[in-house]
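# Descriptive structure summary
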Amino acid sequence: MSQKILLDKINIPGIKTYEVYRQNGGYASVEKALKTLTPDEVTEEVKKSGLRGRGGAGFPAGMKWSFIDKKSGKPRHLVCNADESEPGTFKDRYLMEYIPHLLIEGMITSSYALGANLSYIYIRGEYMWVFKILERAIAEAKAAGWLGKNILGSGYDLELHVHCGAGAYICGEETALIESLEGKRGNPRIKPPFPAVSGLWANPTVVNNVETIATVPWIVNNSGDDYAKIGVGRSTGTKLISASGNIKNPGVYEIELGLSVDEFMNSDEYLGGMSSSRPLKAFVPGGSSVPILPAELIFKTANGEDRLMTYESLSDGGFATGSMLGSGGFIVYDDTACIVRNTWNFARFYHHESCGQCTPCREGTGWLEKILWRIENGQGREEDIELLWSIQSKIEGNTICPLGDAASWPVAAAIRHFRDEFEYHVRFPEKIKNRDHFVAEPFSQVKHLVGGKVIV
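Within each chain, residues carry numbers counting from 1 in the order of the written sequence. Given that the model is predicted, a residue must reach a pLDDT of at least 70 before its local features are reported, and side-chain atom pairs must reach 80 or more before they are shown or counted; all residues, however, enter totals for whole chains, interfaces and linings. Excluding hydrogens and water, the side-chain figures rest on all heavy atoms present in the structure.

In terms of regular secondary structure, the protein chain is built from 19 helices and 11 strands. Here the globule rule is a power law, 2.2 Å times the number of residues to the power 0.38, and the radius of gyration is based on C-alpha atoms. Against the compact-globule benchmark of 23 Å for 456 residues, the protein chain has a radius of gyration of 23 Å, which places it among compact chains. When the backbone C-alpha atoms are referred to their principal axes, the protein chain occupies close to 75 × 45 × 40 Å. Here the term buried applies to any residue with accessible area under 20% of the maximum for its type, exposed to any over 50%, and partly exposed to those in between, with areas from a 1.4 Å probe on protein chains only. By the burial criterion, 57% of the 456 residues in the protein chain qualify as buried. Counting from the N terminus, the helices are DSSP H or I runs at least four residues long and the strands are E runs at least two residues long.

Put into structure tokens, the structure is as follows:
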């Protein structure tokens, strides 16, 4: 069994409440930090840990903290990004719903390290019941003296609030989140200046993901060095994975980084293998925005090495033969899945969620959706595949925020690895008009019609 840092206490009856959480060691990191450590020493422990941002980008958390402007004299803020909207990702919801005080504790300890006296949790609008859970947990923590003025007699003050979004995926981008928190339309800002210099109300601000902040108490209670001993290389510690799709055991799992994809997929401790006798066709390792990979590149890299659940191994080979760990949204597809339909579904989402600020994204995501719909519904043309490739290449890297990239990468990967399936849709429209066209007749049995090898 792998070590549990975030989920080790989640099944304790009543752990949602302050009393039970406190009885089981809760808020110990706040006591330790405020009584025995300076803010810089807390930051140094997080740096030593090698903890990387768990929202998708994987940027070292301690380094991000060290960038915050301390010289201007302006108030500083910590904002928790709980706007979990990436399709296939639901780990943050699980943490907030079942052990909310872990996040509150992490917010207090992290805010102390940053010198922040006013901090926020920005939560996804659709998570209203979780919003109420967090509100209750904050009230309990404040009543017990962990928030407010002069916490534990240390002279440190902190007010913490939960702010509810309005259902916009774009507000998961940190500067759009800040704009929304300020009461404006959630449009990403041009950087620089970065939030660490000019963020919320033009004050120095750090934005971190729920999982990232919830990991800080363990690091402070133990040490950054102890955390760094878990995992492999630069992928230290544990990671929450949201697993879904055609698997026996979907759910949220905490794994030690460095676990092989094969063991995670097939062992009874984790996903338990495929949900039926249908073979594995593809998987998305990090949420809808990362490249999809075919079966032959899932358990082994292109170089024949074991594929590991790490930032480095999953990206091995670049986008030609690799993908990304991203937010940990692990989606598994068997051979009944239609890659064209799946790609269209993702494109439809990104078109709907584009803020419209950048022309390539505003126009391009709509074009991607329309062309993919046309192909999936038997109206595709031979030139549509190249047109899709051209459009996605003109969106990628040409927008203020990464939403354009998130819309482009799934399309590029689907064409790169499953081009013959797109060709099949174009050349045999009568065979794909039923949305479940690959259930009775998987593509592996008909791919010879477009020059592929039949797989029985």
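Before going further, it helps to examine the state of the cysteines. Criterion for a disulfide: a pair of cysteine sulfur atoms within 2.5 Å. One pass over the full model with this rule turns up zero disulfides. Not engaged in a disulfide, the cysteine Cys80 finds its nearest cysteine sulfur in Cys164; these two sulfurs lie 13 Å apart.

Turning next to the domain arrangement of the protein chain. Either an automatic procedure or a domain database provided the assignment from which the domain bounds are taken. For the protein chain, the assigned domains read domain 1 (18-229), domain 2 (232-334) and domain 3 (339-449). Using only C-alpha atoms to locate each centre, domain 2 and domain 3 end up separated by 22 Å. Accessible area that two parts lose when put together, with a 1.4 Å probe and added across both, is what the buried area reports. Together, the buried faces of domain 2 and domain 3 total about 1400 Å²; carbon and sulfur atoms form 64% of this surface. Considering only the surface of domain 2 that becomes buried against domain 3, Lys281, Ser288 and Ile292 emerge as the three largest contributors, covering 37% of it. Salt-bridge detection follows one rule: a side-chain nitrogen of Lys or Arg within 4 Å of a carboxyl oxygen of Asp or Glu. Counting across the interface, domain 2 meets domain 3 through one salt bridge. Salt-bridge contacts for Glu421 lead to Lys281; the nearest nitrogen and oxygen are separated by 2.9 Å. Throughout this description, a polar contact denotes any pair of N or O atoms lying within 3.5 Å of each other; where both atoms belong to protein, one of them has to be capable of donating a hydrogen while the other can accept it, and for residues adjacent in sequence the pair is counted only when both atoms sit in side chains. Seen at the junction of domain 2 and domain 3, the total is six residue pairs in polar contact (both at pLDDT 80 or more).

On to the packing of helix α5 (residues 91-98) against helix α9 (residues 210-221). All axes here are fitted lines through C-alpha atoms, helices being fitted over the stretch that makes contact, and every angle between N-to-C directions spans 0 to 180 degrees. Relative to each other, α5 and α9 sit at 50 degrees, their axes nearing to 9 Å. For the element pair α5 / α9, the angle class is oblique. Of the residues in α9, those touching α5 at Lys91, Asp92, Leu95 and Met96 are Val210, Glu211 and Ala214. When the residues that make up the contact of α5 with α9 are grouped by side-chain class, the tally is four nonpolar, no polar and three charged. Throughout this description, any angle smaller than 35 degrees is read as roughly parallel, any larger than 145 degrees as roughly antiparallel, any in the 65 to 115 degree range as roughly perpendicular, and the remainder as oblique. In this description, contact between two residues means that some pair of their heavy atoms is separated by no more than 4.5 Å. Three classes are used, and their members are as follows: Ala, Val, Leu, Ile, Met, Phe, Trp, Tyr, Cys and Pro are nonpolar, Asp, Glu, Lys and Arg are charged, and the others, Gly among them, are polar.

Here the focus is a nonpolar patch on the surface. On the surface, Phe59, Met63 and Phe67 cluster together to form a nonpolar patch covering roughly 290 Å² of accessible area. Within the fold, Phe67 resides in the loop between α4 (61-66) and β1 (77-82). In this analysis, a patch consists of residues with relative accessible area above 30% that form no salt bridge, clustered at 9 Å for like charges and at 5 Å for the nonpolar side chains Val, Leu, Ile, Met, Phe, Trp and Tyr. For every accessible area listed, the method is Shrake-Rupley and the probe measures 1.4 Å; residues are considered covered only by the protein chains on display.

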